[in-house]
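Single-letter residue listing:
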Amino acid sequence: MTTPDAMAGIVLAAGAGTRLRPLTSHRPKALCPVANQPLLDHALDRIGVLAADVAVNVHHGRDQMLAHLEGLDLHASVEEDEALGTAGGVANLVGWIDGRDVAVVNVDAWGTGSLGRLLDGWSRETVRLLVVADTTAADFEGHWRFAGASLMPFELVHGLAPEPSGLYEVLWRDLEQQGRLELVPSRGLEIDCGTPRDYLIANLIASGGSSVIAPDAIIEGRVERSVVWPGARVGAHEHLRYAIRLPDGSTVNVPGASAES
């Protein structure tokens with residue numbers, strides 16, 4: 001039986017988060033807060049059931065990321081010249097992985113389900129992917145969307161190249177054709193926080209539909225089903241609804257986003 005002590009865990013957190021702008025103009029995607037906790041911290045909490053030893057890859061927002069990681073018991077993998085993507089980021093850590101099988105979690109994959117069931121009965125011969133039913137944005141078999149967590153045996157990982165590349169393109173697509181790709185449905189809600197709309201939805205799910213307001217935010221006006229970031233202010237004559245208020249005073253409006261979306 002595979003246990004977390006035998007696994008290497010990787011949180012992929014080097015991306016630029018271009019789809020999440022303008023939020024990522026203020027801080028790296030990995031440090032954007034859901035329920036007043038950075039996405040990175042959520043990912044570290046979730047991956048802990050899969051692997052006791054964890055690495056985080058870093059590129060965009062390097063200084064902020066390294067400051068956040070300082071003092072934590074994990075390995076920081078800094079991608080100096082360019083972000084290496086999902087496959088290159090894993091390949092860059094092969095020396096640290098040191099023969100272990102690997103659990104990988106995308107930093108923007110926020111969810112309510114435990115990842116522990118990915119390990120249940122795993123043969124260590126296949127790649128396992130966490131998925132959710134989604135016919136509108138399916139990645140596999142026409143109705144499953146990848147939910148940002150995977151298990152991979154070392155025999156497949158050690159052949160990856162440390163160059164910009166994606167796991168689907170260089171590994172998973174071929175494994176699917178070979179019948180070596182297992183899809184494990186999540187038993188919780190899984191949100192890809194890649195856009196402001198989905199980011200707001202994740203916050204509303206986490207809060208049960210209430211606004212999420214940073215402890216140091218100044219609220220003088222009305223705030224409904226919105227997120228107010230650290231250092232931000234809502235003036236006395238303002239009414240935020242389905243919106244994200246950033247510390248520079250700008251607002252990202254997300255009409256119709258809700259915890260039921």
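Overview of the structure. Nothing here was measured: the structure is a model prediction, and the numbers come from that model. (Residues numbered from 1 in each chain as written. Predicted model: local features only at pLDDT ≥ 70, side-chain atom pairs only at ≥ 80, totals over all residues. Heavy atoms only, no water.)

### Some remarks on the overall build of the protein chain
Counting its regular elements, the protein chain contains seven helices and 19 strands. Taking 261 residues into account, the globule formula puts the C-alpha radius of gyration at 18 Å, and the protein chain, at 19 Å, falls close to it. C-alpha atoms of the protein chain, sized along the principal axes, occupy 60 × 40 × 30 Å. Buried positions account for 51% of the 261 residues belonging to the protein chain. With the model as given, the accessible surface of the protein chain reaches about 11700 Å², and the carbon-plus-sulfur share is 46%. Positive and negative side-chain charges of the protein chain, numbering 20 and 34 respectively, have mean locations separated by a distance of 7 Å. (Helix = DSSP H or I, 4+ residues; strand = E, 2+ residues; numbered from the N terminus. Rg over C-alpha atoms; globule rule 2.2 N^0.38 Å. Buried < 20%, exposed > 50% of the residue type's maximum accessible area, 1.4 Å probe, protein only. Areas by Shrake-Rupley, 256 points an atom, 1.4 Å probe, with all protein chains shown as cover. Lys, Arg positive; Asp, Glu negative; His and termini not counted. Charge placed at Lys NZ, Arg CZ, Asp CG, Glu CD.)

### Observations concerning the side chain of N57
Here N57 lies in strand β4 (residues 53-58). Residue classification places N57 among the buried residues on the basis of a relative accessible area of 2%. There is a polar contact of 2.5 Å between the side chain of N57 and the backbone nitrogen of A13. Only 2.8 Å separates the side chain of N57 from the side chain of E79, close enough to count as a polar contact. Not counting residues up to four positions away in its chain, the partners in contact with N57 are V11, L12, A13, A14, S77, E79 and G89. (Polar contact = N/O pair within 3.5 Å; in protein donor to acceptor, adjacent residues only side chain to side chain. Contact = heavy atoms within 4.5 Å.)

### Re the layout of surface pockets
Here the largest pocket defines a volume of roughly 1200 Å³. Taken together, 50 residues line the largest pocket, and the ones lying closest to its centre are R19, N106, D108, F146 and D192. For the lining of the largest pocket, the elements supplying multiple residues, two or more each, are α3 (85-91), β6 (101-106), β7 (109-111), β9 (144-152), α6 (167-178), β11 (190-192) and α7 (196-207). Broken down by element, the residue count for the lining of the largest pocket peaks at six residues, all from β9. Taken together, the residues of the lining of the largest pocket sort by class into 24 nonpolar, 14 polar and twelve charged. (1 Å grid on protein atoms, 1.4 Å probe; cavity = no way out; pocket = protein on both sides within 12 Å on 5 of 7 lines; lining within 4 Å. Points joined across faces, edges and corners; volume = space filled by probe spheres on them. Nonpolar A, V, L, I, M, F, W, Y, C, P; charged D, E, K, R; others polar.)

### Observations concerning unusual backbone geometry
Cis geometry marks the peptide bond from R21 to P22; its omega dihedral reads 10°. Residue placement: P22 occurs in the loop between β1 (7-12) and β2 (33-34). You will see that N36, though not glycine, has its phi angle at about 65°, which is positive. You can see N36 is positioned in the loop between β2 and β3 (37-38).

### Some words on the pattern of salt bridges
All chains considered together, the criterion is met by 14 salt bridges. Between D101 and R124 there is a salt bridge, with its nearest N and O atoms 2.5 Å apart. Remark: R124 occurs in the loop between β7 and β8 (127-133) and D101 occurs in strand β6; sequence separation between them is 23 residues. For D101, a relative accessible area of 6% translates into the label buried. What makes R124 partly exposed here is its relative accessible area of 45%. E220 is the partner of R233 in a salt bridge, and the nearest nitrogen-oxygen pair spans 2.6 Å. Pair noted here: R233 is in strand β16 (residues 233-234) and E220 is in the loop between β13 (218-219) and β14 (222-224), with a separation of 13 residues, a long-range link. Through salt bridges with shared partners, one network takes in R222, E224 and R241. (Salt bridge = Lys/Arg side-chain N within 4 Å of Asp/Glu carboxyl O.)

### A closer look at the packing of aromatic side chains
All chains considered together, the criterion is met by two aromatic pairs. Taking the centre distance of 5.9 Å and the plane angle of 65° together, the rings of F140 and Y168 count as edge-to-face. Residue F140 is located in the loop between β8 and β9, and its partner Y168 is located in helix α6; the two are separated by 28 residues in the primary sequence. On the accessibility criterion, F140 (2% relative accessible area) is buried. Geometrically, the ring pair formed by F146 and W172 is edge-to-face, given 5.0 Å between the ring centres and 70° between the ring planes. (Phe/Tyr/Trp six-rings, centres within 6.5 Å; stacked < 30°, edge-to-face > 60°.)

### Some remarks on the sheet that holds strand β12 (residues 212-213)
Reading across the sheet, the four strands line up as β12-β15-β18-β19 and stay open at both edges, with mixed pairing between neighbours. The open sheet terminates on both sides in strands that have one partner only, identified here as β12 and β19 (251-253). Strand contacts of α7: β12, β15 (227-228), β18 (243-245) and β19, with the helix running at about 90° to β18, the strand carrying the most contacts. (Pairing = 2+ DSSP bridges. Axes fitted to C-alpha atoms, helices over the stretch in contact; angles between N-to-C directions.)

### Let's talk about the sheet that holds strand β5 (residues 75-78)
Across the sheet, which stays open at both edges, the seven strands sit in the order β5-β4-β1-β6-β9-β8-β10 with mixed pairing between neighbours. Among the strands making up the open sheet, the edge pair consists of β5 and β10 (181-185). Strand-to-strand, the axes of this sheet are offset by a mean angle of 30°, without reference to chain direction. Sheet analysis places β1 next to β4, joined by five bridges and oriented parallel. Residue G9 lies in a different strand from β4, and its bridge partner there is V54.

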